[in-house]
Amino acid sequence: MIDDHGNFDTLFRHALIVDGTGAPARIGDVATSGDRIAAIGDLAGAQARQNIEADGLVLSPGFIDAHTHDDALVLGGSAMEPKVSQGVTTVVTGNCGISLAPLVLDSSPPAPLDLLGDREGYRYARFADYLAEIEANPPAGNVAPMVGHTTLRVATMDSLDRAATPDEIRAMSRLLEESLQAGAIGFSTGLYYPLARAAPTEEVIDLLSLVSRFGAIYTTHMRDEEDGVELSLLESFDAAKRGRVPLVISHHKCMGSENHGRSVSTLNLIDEARTRQAVGLDAYPYVAGSTVLMDAMVRKSSRVLIAWSKPHPEIRGRDLSDIALQWDCSVNDAIERLSPAGAIYFHMSDEDVHRILAHPATMIGSDGLPHDEHPHPRLWGAFPRVLGHCVRDLNLFPLEEAVRKMTTLPATTFKLKNRGCIAVGNFADLVLFDPTAIADTATFEAPRQRAAGIRAVFVNGKTAAIDGVVEQARSGRVLRRAA
Ligand SMILES: [Zn+2]
């Protein structure tokens, strides 16, 4: 707060301000008071409790991770180290059809629900209970929660290899309505995965009508990101249009070497759809993806690393083909013996990844999996990799545009009020970084590494991290859907 002498809390002096709108960087001072940005401009005469000389450093809005699986990471007063250390101040959870709530499990979660955690994590009968637990013991960053279709299916159906009956759709709708009322900002599907694959488009549309009534958003891990990627885009546009909801295509990619180059046609389809309806997309800056171990995805990949394995935890980080060789068995047999497991799949091309990242509607989403023992490096490095590798090394787009993809674009898309932009009155979610040094250091071999070049991170006006080290403050909040 401003004290009796008119002082600010924190004053960044001579920062290179990149405000998140895409406007050119400009040198200036930024002051915070309480949880808000209080003043911007030439504040030479102003006083503050904490002065930060920011010469040569970029001050930008805190990054919003548009696509996460941090549902469990944000619990228990979490430091959210993989995220906060790379400048992320808000995470959108509940993607790909999977959310921890509302679901109570008394046995091991079936894949892909096991990506979020073990059985103990699934203990919330109501979405409101999950949000209450986050708020009782807040994390270091903000949480913008979504509810997953697959979670609703598992909560209401006795077998998942078929379409939901009208009664089951009513049961899912009741859970969905409670979640949206509690403040979920959106609804996601993961139609690619076995637990949701049998759901016809009509089942999704039935649920979207409720999402529409609450003014929430729809995100989808599409049915097909390989040979049928264009058809899946059309299905997604159709569902969102008929359900009257804005759409986000999750982690857009063209998987499998025979499909490389198809991003030209998929982005054309997205552009065409955007003339008729609200469509956004997110992507991460790597040619490898990661999810549960599945033979269908192994077949589309040139290389597969094991991220975790329940029966063989010692095998994490190793190549699937080497494991099969060592065990003197077929790759299929190795998959069988390793499962349940998670894997990292090299299945995209640089060209497609760069083309998709450069599209003006593309937000940055890490898609990181914090529960994995040997996670994909995107968990710790996605945002600095865009600012370092993509902007500075490859010159794919200007720094201001990269920051826009991480800040105002997701804030607008997910309707996160008063965030994503450095403006007076907005929440003081801020990142101070060195544009010449910012870089991802996490690799496929050593994935748990803090980014370089992130000097300070502020969440709701409180210092969340200094030089990559997370501070004691746990000033994150649940960002509920704005009424
Ligand atoms: Zn996904």
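The preceding data block contains the structure.
On to the overall build of the protein chain. For the protein chain, the count of helices and strands is 15 helices and 22 strands. Taken over the C-alpha trace, the protein chain has a radius of gyration of 22 Å; the compact-globule value for 483 residues is 23 Å, and the two agree within 12%. By principal-axis analysis of the C-alpha atoms, the protein chain measures approximately 70 × 50 × 45 Å. Taking all 483 residues of the protein chain together, the buried fraction comes to 64%. Accessible surface, the protein chain: about 17,100 Å² in total, of which carbon and sulfur atoms supply 50%. Each charge sign in the protein chain was given a centre, from 46 positive and 62 negative side chains, and these centres are 4 Å apart.

A few words now on helix H13 (residues 378–393). Taking 1.5 Å per residue, 16 residues should reach 22 Å; H13 reaches only 18 Å between its end C-alpha atoms and comes up short. Most pronounced at Arg 385, the bend in H13 amounts to some 55°. With 12 of 16 residues buried, H13 lies mostly within the body of the structure. With its phi angle positive at about 60°, Asn 395 sits one or two positions after the end of H13.

Taken N-terminus to C-terminus, the directions of helix H10 (residues 320–327) and helix H11 (residues 331–338) make an angle of 95°; their axes are 9 Å apart at the nearest point. One finds that H10 runs roughly perpendicular with respect to H11. Contacts from Leu 320, Ile 323, Ala 324 and Trp 327 of H10 reach H11 at Val 331, Ala 334, Ile 335, Arg 337 and Leu 338.

We now examine the sheet that holds strand E17 (residues 341–346). Read across the sheet, 3 strands follow the order E15-E17-E16 without closing on themselves; strand pairing throughout is antiparallel. The two strands at the open ends of the sheet, each matched to only one other strand, are strand E15 (288–292) and strand E16 (303–309). Each strand axis lies, on average, 20° off the axis of its neighbour in the sheet, ignoring direction. One ladder, built from 5 bridges, connects E15 with E17; its direction is antiparallel. Bridging from a neighbouring strand, Thr 291 pairs with Ala 343 of E17.

Another aspect to go through is the coordination of the zinc ion. Donor atoms from the polypeptide that bind the zinc ion are Cys 96 (SG), His 221 (ND1) and His 251 (NE2), placed at 2.0 to 2.2 Å. Along the chain, the residues donating to the zinc ion fall in the pattern C-x124-H-x29-H. Placement of Cys 96 in the loop between strand E7 (88–93) and strand E8 (103–104) and of His 221 in strand E12 (residues 217–221) is noted, with a sequence separation of 125 residues between them. His 221 matches Cys 96 in its accessibility class, with the two residues each being buried.

Cut-off values and rules
- Residues numbered from 1 in each chain as written.
- Predicted model: local features only at pLDDT ≥ 70, side-chain atom pairs only at ≥ 80, totals over all residues.
- Heavy atoms only, no water.
- Helix = DSSP H or I, 4+ residues; strand = E, 2+ residues; numbered from the N terminus.
- Rg over C-alpha atoms; globule rule 2.2 N^0.38 Å.
- Buried < 20%, exposed > 50% of the residue type's maximum accessible area, 1.4 Å probe, protein only.
- Areas by Shrake-Rupley, 256 points an atom, 1.4 Å probe, with all protein chains shown as cover.
- Lys, Arg positive; Asp, Glu negative; His and termini not counted.
- Charge placed at Lys NZ, Arg CZ, Asp CG, Glu CD.
- Expected span 1.5 Å × (residues − 1).
- Bend = angle between axes of the 7 residues up to and from the residue.
- Axes fitted to C-alpha atoms, helices over the stretch in contact; angles between N-to-C directions.
- Parallel < 35°, antiparallel > 145°, perpendicular 65-115°, else oblique.
- Contact = heavy atoms within 4.5 Å.
- Pairing = 2+ DSSP bridges.
- Donors = N, O, S within 2.8 Å, 3.2 Å for Na, K, Ca; no water.

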